[in-house]
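# Chains, contacts and geometry: an overview
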Amino acid sequence: GAVVSQHPSWVICKSGTSVKIECRSLDFQATTMFWYRQFPKQSLMLMATSNEGSKATYEQGVEKDKFLINHASLTLSTLTVTSAHPEDSSFYICSAMGTSGSDEQFFGPGTRLTVL
Amino acid sequence: AQRVTQPEKLLSVFKGAPVELKCNYSYSGSPELFWYVQYSRQRLQLLLRHISRESIKGFTADLNKGETSFHLKKPFAQEEDSAMYYCALRGGAQKLVFGQGTRLTINP
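Residues numbered from 1 in each chain as written. Chains lettered and ligands numbered in written order. Predicted model: local features only at pLDDT ≥ 70, side-chain atom pairs only at ≥ 80, totals over all residues. Heavy atoms only, no water.

## Things to note about the sheet that holds strand β8 (residues 76-81) of chain A
Residue and element names in this part refer to chain A. Pairing within the open sheet is antiparallel, and its 4 strands lie in the order β1-β3-β8-β7. Two strands lie at the open edges of the sheet, namely β1 (4-7) and β7 (67-73), each paired on one side alone. Between one strand axis and the next, the sheet turns through 15 degrees on average, direction left out of account. (Pairing = 2+ DSSP bridges. Helix = DSSP H or I, 4+ residues; strand = E, 2+ residues; numbered from the N terminus. Axes fitted to C-alpha atoms, helices over the stretch in contact; angles between N-to-C directions.)

If you want it as structure tokens, here you go:
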């Protein structure tokens, strides 16, 4: 089956630093990747849609200068949280949709970010 | 606007009992509805989608456009069904909108 990985699985950083999270499709090519954020005991909220080779489309209320998304290849998308603050602490999940014609999204295991 | 409502945050039933997880949606167009499941310490995975009309792990869900609902049902719950269940809607641009989720616990 289609597998999506995320790295790191958890990260702790100091306030003001930047953190990069990687999302990889391991056994398929992903034209589109999605980034979600999940607060404790809440649902997944879509942050942005990332298409390979083009700029990401951000959801309303998501700061594109704070959450930098790069989708440089068909197997890798990165989310960089710039100048992180404690309120950015959350669970970040990516999903990927392949090129095979199937429209199913395959989800990564998530990355827990804690900003001190 | 797209919205998905799962009214029950927690649902607990006994093994062998029927289970129904409720999902209502709001969308002006023709939606695609999905149920995703997240078992303990595992990633989110697709359980079923309304267009396939399949029964997966004994679960079924019927799209009721009149009631704008997509409830998930299983006639006889099993302990391994304990998990977090999310109802999701896809309107345009391949974007998924998720409900708040229902934590299902099957008691032995």
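From this point on, the discussion continues.
## Focus on the pattern of salt bridges
Across all of its chains, the model carries 8 salt bridges over all chains by this definition. In this structure, Glu22(A) and Arg24(A) form a salt bridge, with 3.4 Å as the shortest nitrogen-oxygen distance. According to the relative accessible area criterion, Glu22(A) is partly exposed, its value standing at 23%. According to the relative accessible area criterion, Arg24(A) is partly exposed, its value standing at 34%. Here Lys73(B) makes a salt bridge to Glu20(B), at a shortest N to O gap of 3.7 Å. Here Lys73(B), found in strand β8 (residues 72-74), pairs with Glu20(B), found in strand β3 (residues 19-21); they are 53 residues apart in sequence, far enough to count as distant. Residue classification places Lys73(B) among the partly exposed positions, given a relative accessible area of 41%. (Salt bridge = Lys/Arg side-chain N within 4 Å of Asp/Glu carboxyl O. Buried < 20%, exposed > 50% of the residue type's maximum accessible area, 1.4 Å probe, protein only.)

## Topic: the nonpolar core
Core analysis: the largest hydrophobic core is formed by 24 residues, its most contacted members being Trp35(B), Leu72(B) and Tyr85(B). The set of elements that each furnish at least two residues to this core consists of β2 (10-14), β3, β5 (32-38), β6 (45-49), β9 (83-90) and β11 (102-107) of chain B. Among the elements that line this core, the one with the most residues is β9(B), at 4 residues. Leave out the neighbours within four places in its chain, and Tyr85(B) touches Gln6(B), Leu21(B), Trp35(B), Tyr36(B), Val37(B), Leu47(B), Phe59(B), Leu72(B), Gly101(B), Thr102(B) and Leu104(B). With 23 residues, the next largest nonpolar core counts Val11(A), Val19(A), Met33(A) and Cys94(A) among its residues. (Core = buried A, V, L, I, M, F, W, Y, C linked by side-chain atoms within 4.5 Å. Contact = heavy atoms within 4.5 Å.)

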